[in-house]
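# Residue-level structure breakdown
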Amino acid sequence: MAWWSVYALVQADHQPQHSFSVINFGAIGDGVTDDSPAFAKAWTAACEATARSVILIIPQGKTFLLKPLTFQGPCKPPSINVQISGQIVAPDDPSAFHGYPLDNWLHFLSISGLTLNGDGQIDGRGANWWKLCNASFADTECNVPRPTVSACFPVSFSLFLNGLRIESIVKLMHEYGVMDSLKSEIESTSEHTFSVIQKSSTSFSDSKTALNRQLSCERQSDYVDDQTMQIENCKKLQLHGLKFFNSPNHHIGLAGCDDAFISNLHIEAPEDSPNTDGIDIGSMTGVHIDNCVIGTGDDCIAVTNGSSNVNITRVTCGPGHGISIGSLGRGGSMAAVNNIHVRDCTFVGSSTGIRIKTWQGGSGYAKKITFENIELYNVGNPIIITQFYCPHETCANKTSAVQISHVTYKNVTGTSETEVAVNFKCSQSIGCKYIQVDLLNITSAVPGKTTHAQCLNAFGQARHSIPQVDCLK
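Bear in mind the structure is a predicted one, so any value in this text is a computation, not a measurement. (Residues numbered from 1 in each chain as written. Predicted model: local features only at pLDDT ≥ 70, side-chain atom pairs only at ≥ 80, totals over all residues. Heavy atoms only, no water.)

### Some thoughts on the pattern of salt bridges
In the structure shown here, the tally under the stated rule is eight salt bridges. The salt bridge involving arginine 314 is made with aspartate 290; its shortest N-O contact spans 2.6 Å. In this pair, arginine 314 is assigned in the loop between strand 21 (308-313) and strand 22 (316-317) and aspartate 290 in strand 18 (residues 285-290), connecting sequence segments 24 residues apart. What makes arginine 314 partly exposed here is its relative accessible area of 45%. Relative accessible area serves as the criterion here: at 10%, aspartate 290 is assigned to the buried category. (Salt bridge = Lys/Arg side-chain N within 4 Å of Asp/Glu carboxyl O. Helix = DSSP H or I, 4+ residues; strand = E, 2+ residues; numbered from the N terminus. Buried < 20%, exposed > 50% of the residue type's maximum accessible area, 1.4 Å probe, protein only.)

What follows is the structure in structure tokens.
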């Protein structure tokens, strides 16, 4: 290679980073002013920069109020670093989300080489959303009955007019078995339905009421995930050091972000906050989550469909529902989860420990899953496999199931709040195969009590195990 070619390459690699502060684009940072337009302008400038590497600066000492915002790629720079040193907060009134898609609050889409880091805080201010959930239409996560058809059906039209996915409405009606009785429901609710539509387009007060009803009904069907941060199709993602609080729903959703490295996050929400998962992973390969502290009202981490080659290490979980593989196979869908490793993790006071959960009627597989060097402190239901996952307790029996196989539990120790420390509940038609249990020592957290294991159609081997897992076939 000619010397001038080498010189050009060296110069390109040493181009200065270009930085863009949101302050320079009009952000105020007083926690009251809507800084979304300034953030959008700053992002556009950073994304269209010609430098090889750029930094978007969210400075310390300020609180930035943002409405739902999408940071859209692809971008020209091969590397973009969003450096969050200040605090970002969501509106605390759900009606402020009126007119926006309700899937996400902060959405990063199709950005290769994205880094999100810093010592800043991101607060979803979800308390008023949780009240909506707890007050009316909910599932077992909220400890009140599921919505009736007549309650949800009129709202579906309002959902569609607000730009949400029509698929969610169809799924909702299928789930509750309303397709056959749709005609009678329309006849009984049509007048009210169009009244809601008309009012929501003309009156702020009525639109707020309609929106709140919409949120209550739809959020509990799990088709609208008003997540604090959703990151999609961002190859080689890095996410480090940030603190997340009080998401309305899931805190961080990751999808299609292959070769991602997540570390040193702190994620926190009250134990009774509904559906506030810490990190959800789906449709990804090559993921490493390390050294995070997560305490929420739902799964600390959930690994969902399409995930492979995932390593979760040194995570402290609690309160919450533990680290879950799934749920998988909902609505008869096909699952593909492979090569998941959870190691050197600690669970403190979580209602569930390490769990694999699939719905009846699904297909596909979840295999090559390892839980190793796990410490449990007063954990309920420490080890669970269930092929009968149904949090709403209204699911029909079905013979097909996601095949669960090649699952290893090694060196899992600590104390259980429940007498059943190991529970393998597998489909009578498919079963769970090649389960290996080794060096298990889970005793009761309750003085004078013992722990035991129970199995249904589970096949494998166990050795050096307290309690004895002699129910494996």
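Let us keep going from here.
### Concerning the side chain of glutamine 230
By the element assignment, glutamine 230 lies in strand 11 (residues 227-232). For glutamine 230, the residues in contact, after removing those within four places along its chain, are Asn104, Leu106, His107, Phe108, Gly253, Leu254 and Ala255. (Contact = heavy atoms within 4.5 Å.)

### Examining helix 2 (residues 36-47)
Between the first and last C-alpha of helix 2 there are 16 Å, a value that for 12 residues agrees with the 16 Å anticipated at 1.5 Å per step. Looking only at helix 2, the buried set comprises Ser36, Ala38, Phe39, Ala42, Trp43, Ala46 and Cys47. For helix 2, the angular spread of buried residues about the axis comes to 160 degrees, placing them on one side. (Expected span 1.5 Å × (residues − 1). Arc of directions from axis to C-beta.)

### Side note on the packing of aromatic side chains
For any two aromatic rings, the description comes down to two numbers: the centre-to-centre distance and the angle of the planes. If you walk through the whole model with that rule in mind, you get seven aromatic pairs. With a centroid separation of 5.4 Å and an interplanar angle of 65 degrees, the aromatic rings of phenylalanine 39 and phenylalanine 64 are classed as edge-to-face. With phenylalanine 39 in helix 2 and phenylalanine 64 in strand 4 (residues 63-65), the pair connects residues that are 25 residues apart, well separated along the chain. For phenylalanine 64, a relative accessible area of 0% puts it in the buried group. Summarising the aromatic geometry, the rings of tryptophan 43 and phenylalanine 71 are spaced 5.5 Å apart at their centres and angled 85 degrees between planes, so their arrangement reads as edge-to-face. With tryptophan 43 in helix 2 and phenylalanine 71 in strand 5 (residues 69-72), this pair connects stretches of sequence that are 28 residues apart. You can call tryptophan 43 buried: its relative accessible area is 5%. Residue phenylalanine 71 is classed as buried on the basis of its relative accessible area, which comes to 4%. Put simply, the rings of Trp43, Phe71 and Phe108 pair up and form one aromatic cluster. (Phe/Tyr/Trp six-rings, centres within 6.5 Å; stacked < 30°, edge-to-face > 60°.)

### Describing the state of the cysteines
For the coordinates displayed, the defined rule picks out five disulfides. Cysteine 47 shares a disulfide with cysteine 75; S-S distance 2.0 Å. Taking the sign of the S-S torsion, about -100 degrees here, the bridge from cysteine 47 to cysteine 75 comes out left-handed. Note that cysteine 47 is positioned in helix 2 and cysteine 75 in the loop between strand 5 and strand 6 (79-84), a separation of 28 residues in sequence. Since its relative accessible area comes to 7%, cysteine 47 is described here as buried. With relative accessibility at 18%, the residue cysteine 75 sits in the buried group. (Disulfide = S-S within 2.5 Å.)

### Looking at the confidence of the model for the protein
Of all residues in the protein, 77% have pLDDT values of 70 or greater, and the mean over the chain is 82. Low confidence marks residues 1-16, where pLDDT is under 50. Its contacts with residues over four positions away, or in another chain, come to eight contacts. Confidence drops under pLDDT 50 across residues 136-225; counting only partners more than four residues distant or on other chains, this segment forms 147 contacts. (pLDDT = per-residue confidence, 0-100.)

### Thoughts on the pairing of strand 27 (residues 383-386)
What you see with strand 27 is no split at all: Ile383 and Ile385 on one side and Ile384 and Thr386 on the other are buried throughout. Strand direction decides the pairing type here: strand 25 (residues 354-358) and strand 27, joined by four bridges, are parallel. Paired with lysine 357 across the bridge in strand 27 is threonine 386. Where strand 27 lies against strand 29 (residues 420-425), four bridges are found, and the strand directions are parallel. Counted as the bridge partner of threonine 386 is lysine 425 from strand 29. (Pairing = 2+ DSSP bridges.)

### Some words on the sheet that holds strand 8 (residues 104-109)
One open sheet accounts for 11 strands, arranged 5-8-11-14-17-20-23-25-27-29-31; its pairing is parallel. Of all strands in the sheet, those with a lone pairing partner are strand 5 and strand 31 (452-456), marking the two edges. Strand-to-strand twist in this sheet, taken as the mean axis angle between neighbours without regard to direction, amounts to 15 degrees. When strand 11 meets strand 14 (residues 252-255), the two strands line up parallel, connected through four bridges. From the neighbouring strand, glutamine 230 faces strand 14, where its bridge partner is glycine 253. (Axes fitted to C-alpha atoms, helices over the stretch in contact; angles between N-to-C directions.)

### Quick notes on the nonpolar core
Counting 99 residues, the largest nonpolar core has Ile231, Ile279, Tyr409 and Phe424 as the members making the most contacts within it. Setting aside residues up to four positions removed in sequence, isoleucine 231 forms contacts with Phe108, Leu114, Leu116, Leu237, Leu239, Gly253, Leu254, Ala255 and Cys257. (Core = buried A, V, L, I, M, F, W, Y, C linked by side-chain atoms within 4.5 Å.)

### As for unusual backbone geometry
The omega torsion of the bond from glycine 326 to serine 327 falls at 15 degrees, within 30 degrees of zero and hence cis. Looking at where serine 327 falls in the secondary structure, it is placed in strand 23 (residues 323-328). In this chain, isoleucine 466 is followed by proline 467 through a cis amide linkage whose omega measures 0 degrees. Mapped onto the secondary structure, proline 467 falls in the segment after strand 32 (458-466).

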